Every structure is written in structure tokens, then in C-alpha cells.
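As a plain string of letters, each chain reads:
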Amino acid sequence: MLFFSYFKDLVGREVTVELKNDLAIRGILHSVDQYLNIKLENTRVVDQDKYPHMITISIFDWESVDTSFKILQFGLSVRNCFIRGSVVRYVQLPPEGVDIELLHDATRREARGG
Amino acid sequence: MSWAGPEDIYLSTSLASYLDKKLLVLLRDGRKLLGILRSFDQFANAVLESACERVIVGDLYCDIPLGLYIIRGENVVLIGELDLEREELPPSMTRVSEAEIRRAQKAEREATDLKGTMRKRMEFLDLD
């Protein structure tokens with residue numbers, strides 16, 4: 001359960017999940033479960049050209065009181081998603097999300113059998 | 001059999017928060033199914049109502065209606081919630097009929113096959 005606990009600590013951080021089909025998705029980690037299924041929020045595909053079904057280009061007209069201008073937003077039609085744990089190849093973590101000391105201790109504890 | 005209480009549902013990584021929503025299910029063979037999630041289990045087996053397959057070839061796409069689908073969990077790569085307020089696809093993409101998309105699909109497959117055989121024949125040149 002070490003990696004489950006570890007991923008639970010990373011909830012709320014931005015991670016990149018690379019799948020076995022080479023699709024890489026970046027997003028805020030929303031939750032994980034014991035199978036390491038992952039839920040991401042505010043997702044975007046790292047290489048958008050190859051996956052047209054994952055992206056959309058929407059144009060918002062944003063009018064403020066004294067000025068009016070257009071924002072071109074390149075977003076995703078899938079804003080949050082569930083990724084099955086079995087299809088994940090890598091999870092790229094923010095460097096500040098890795099506490100080596102803590103991980104060492106947890107690993108030793110796990111190796112001793114809890 | 002025990003059921004997860006309502007308080008567990010939104011905290012866990014369950015698909016419960018996606019129930020009755022329109023989803024995009026990406027399968028291991030690259031197929032993209034759209035439909036409304038009606039049921040699921042811990043393996044990510046899923047029941048999709050009014051499912052359709054979205055076939056994309058280049059700038060063309062087509063939604064082929066399939067009906068009620070039960071997807072075996074092992075084939076699922078990703079389940080995404082569709083934001084219905086946004087356009088789903090870039091405006092440059094055009095919707096075509098099923099016959100047309102099948103033709104485009106066939107042409108694309110033949111092109112990749114041809115590329116493959118050409119590559120094989122040229123292998124002695126050591127291109128890479």
C-alpha cells in the first residue's frame with residue numbers, strides 16, 4: 001500500500017500521466033484508489049496534434065465594463081477524467097512532491113512488514 | 001455485499017460521480033465510445049446507454065450509433081467527462097456519413113499498409 005499512500009499525498013498537485021499507448025495527460029491529481037486508478041482534473045493532452053478527440057478550440061467573448069476583447073482559449077472537451085491503473089506507464093511528479101527521507105522511512109517500514 | 005455510502009463516493013476514485021453523465025471512453029484499441037454511464041464496477045466494467053463510436057480520420061469524423069453497450073473493464077484506457085457547454089471538436093473538423101468515414105478509414109489503412117511494405121523493401125538501405 002506504499003504507493004497508494006504516496007499517491008494520496010500527491011492529491012491536489014499537478015502530474016503528468018503517461019499511458020501505455022503513449023498518450024500523455026497532464027492534470028491536477030484528484031484522487032487515487034488501491035488499483036492506482038487515477039482521476040485527473042483540468043486535464044490537457046501533452047501532444048495535442050495526435051489526439052483530436054481530446055481537444056477543442058473554443059472562443060469566448062469576454063466583455064468587461066470598459067474594454068472588450070476576445071480570448072482565444074485552447075482547452076479540452078474532456079476537463080476531468082478517470083484513468084485505469086493498468087494502462088499507466090509513468091506518472092511524472094512535481095520535484096517538490098518527492099520527499100526522499102519520508103519515502104525511505106516508509107519503504108523500510110513496509111519491508112519490515114508494516 | 002456492502003455498498004459504498006454516499007460520503008465515500010466523491011472522495012474515492014470511483015466512477016460514481018460520472019453516473020448518468022455523457023462520457024468519452026477511450027479503449028485499448030484506440031476506439032472512442034461516447035455514451036451515458038449507467039453502471040460500473042470495481043474493474044471499470046461499464047454500461048453505456050445510447051453509445052456511439054466516434055471515428056476520426058484526418059479532419060473528418062462520424063458518430064456511429066451502437067445502442068446499449070457493456071464494456072469489459074480491461075479494455076478501458078480512460079473515461080472522460082464531456083463538457084457539454086464547450087464544442088467537442090475543433091471547428092475545422094467536418095461530420096460525414098458512416099459510408100464516407102468507412103471509405104476514408106479504408107483509404108488510410110491502405111496508405112499505412114503501403115508505407116509499411118515500402119519500408120520493408122527499403123530496409124536494406126538502413127534508413128534510420
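Residues numbered from 1 in each chain as written. Chains lettered and ligands numbered in written order. Predicted model: local features only at pLDDT ≥ 70, side-chain atom pairs only at ≥ 80, totals over all residues. Heavy atoms only, no water.

Asker: Break down the overall build of chain B for me, citing the residues and quoting the values.
Answerer: When helices and strands are tallied, chain B shows two helices and six strands. In chain B, the succession of α and β elements from N to C terminus is α-β-β-β-β-β-β-α. Expressed as a percentage of the 128 residues in chain B, the buried residues total 38%. Partitioning the contacts of chain B with sequence separation of at least 6, the portion at a separation of at least 24 is 48%. (Helix = DSSP H or I, 4+ residues; strand = E, 2+ residues; numbered from the N terminus. Buried < 20%, exposed > 50% of the residue type's maximum accessible area, 1.4 Å probe, protein only. Contact = heavy atoms within 4.5 Å.)

Asker: Describe the sheet that holds strand β2 (residues 32-40) of chain B, with residues and values.
Answerer: Within the open sheet, the 11 strands sit side by side as β7(A)-β1(A)-β2(A)-β3(A)-β6(A)-β5(B)-β1(B)-β2(B)-β3(B)-β4(B)-β6(B). Their pairing is mixed. Edge strands, defined here as strands with exactly one partner in the open sheet, are β7 (88-92) of chain A together with β6 (94-95) of chain B. Bridging between strand β1 (residues 14-19) of chain A and strand β2 (residues 24-32) of chain A involves five bridges; their strand directions are antiparallel. Along β2 of chain A, the bridge assignment pairs V15 of chain A with G27 of chain A. The strands touched by helix α2 (residues 98-121) of chain B within the sheet are β3 (46-57) and β4 (60-71) of chain B, with β4 of chain B carrying the most contacts at an inclination of about 100°. (Pairing = 2+ DSSP bridges. Axes fitted to C-alpha atoms, helices over the stretch in contact; angles between N-to-C directions.)

Asker: Can you lay out the nonpolar core for me, pointing to particular residues and giving the numbers?
Answerer: Among the nonpolar cores identified, the biggest contains 26 residues, and V17, L19, I25, L29, L40 and I83 of chain A together with L78 of chain B are the most heavily contacted of them. Elements with a contribution of two residues or more to this core: α1 (2-9), β1, β2, β3 (38-45) and β6 (78-83) of chain A together with β1 (22-27) and β5 (76-82) of chain B. Leave out the neighbours within four places in its chain, and L19 of chain A touches I25, I83, V87, V88 and R89 of chain A together with V77 of chain B. Counting 15 residues, the second-largest nonpolar core is a separate cluster that includes L15, L33, L37 and A51 of chain B. (Core = buried A, V, L, I, M, F, W, Y, C linked by side-chain atoms within 4.5 Å.)

Asker: Tell me about the state of the cysteines, residues and numbers included.
Answerer: Put plainly, a disulfide is one covalent bond tying together the sulfur atoms of two cysteines. Residue and element names in this part refer to chain B. The tally for this structure, following the rule as stated, stands at zero disulfides over all chains. Considering cysteine sulfurs only, C62 is the nearest to C52, which forms no disulfide, with 9.0 Å between them. Assessed through its relative accessible area of 13%, C52 is described here as buried. (Disulfide = S-S within 2.5 Å.)

Asker: With reference to specific residues and values, describe the packing of aromatic side chains.
Answerer: All chains considered together, the criterion is met by one aromatic pair over all chains. Judged by centre distance (6.1 Å) and plane angle (50°), the rings of Y6 of chain A and F7 of chain A are tilted. Pair check on accessibility: Y6 of chain A and F7 of chain A agree, each one buried. For the cation-ring pair, K39 of chain A lies above Y18 of chain B, with the distance from its terminal atom to the ring centre recorded as 4.9 Å. (Phe/Tyr/Trp six-rings, centres within 6.5 Å; stacked < 30°, edge-to-face > 60°. Lys NZ or Arg CZ within 6 Å of the ring centre and 35° of its normal.)

Asker: I'd like a rundown of the pairing of β2 of chain A, residues and numbers included.
Answerer: Residues and elements named next belong to chain A. Connecting the antiparallel pair β1 and β2 is a turn made up of four residues, with D22 showing a positive phi of about 75°. Sheet analysis places β2 next to β3, joined by six bridges and oriented antiparallel. Residue pairing in the sheet places I25 in a bridge with V45 of β3. Joining the antiparallel neighbours β2 and β3 is a turn of five residues, in which L36 adopts a positive phi near 60°.

Asker: Would you mind going over a nonpolar patch on the surface in detail, with residue names and values included?
Answerer: All names here are of chain B. A contiguous nonpolar patch, built from M122, F124 and L125 and spanning about 340 Å² of accessible area, is present on the exposed surface. Mapped onto the fold, F124 is located in the segment after α2. Residue F124 is classed as exposed on the basis of its relative accessible area of 66%. (Patch = residues over 30% accessible without salt bridge, like charges linked within 9 Å, V, L, I, M, F, W, Y side chains within 5 Å. Areas by Shrake-Rupley, 256 points an atom, 1.4 Å probe, with all protein chains shown as cover. Salt bridge = Lys/Arg side-chain N within 4 Å of Asp/Glu carboxyl O.)

Asker: Which residues make up the environment of E18 of chain A, and what values go with them?
Answerer: Residues and elements named next belong to chain A. Its location among the elements puts E18 in strand β1. Judged by its relative accessible area of 18%, E18 is buried. The sequence separation of E18 and V87 amounts to 69 residues, and the corresponding C-alpha distance is 8.8 Å. Sequence-distant contacts of E18, defined by excluding residues within four places in its chain, comprise L23, A24, V88, R89, Y90 and Q92.

Asker: Go over α1 of chain A with me, naming the residues and quoting the values.
Answerer: Within α1 of chain A, burial applies to L2, F4, Y6 and F7 of chain A. In this fold, the buried residues of α1 of chain A make contact with β2, β7 and α2 (100-112) of chain A.

Asker: Kindly report on the environment of G97 of chain A, identifying the contributing residues and their values.
Answerer: Residues and elements named next belong to chain A. You can see G97 is positioned in the loop between β7 and α2. Considered as a pair, G97 and V11 are 86 residues apart in the sequence and their alpha carbons are 10.0 Å apart. Apart from residues lying up to four places away in sequence, G97 is in contact with Y6, L10 and R13.

Read these as spatial facts, not as claims about activity.
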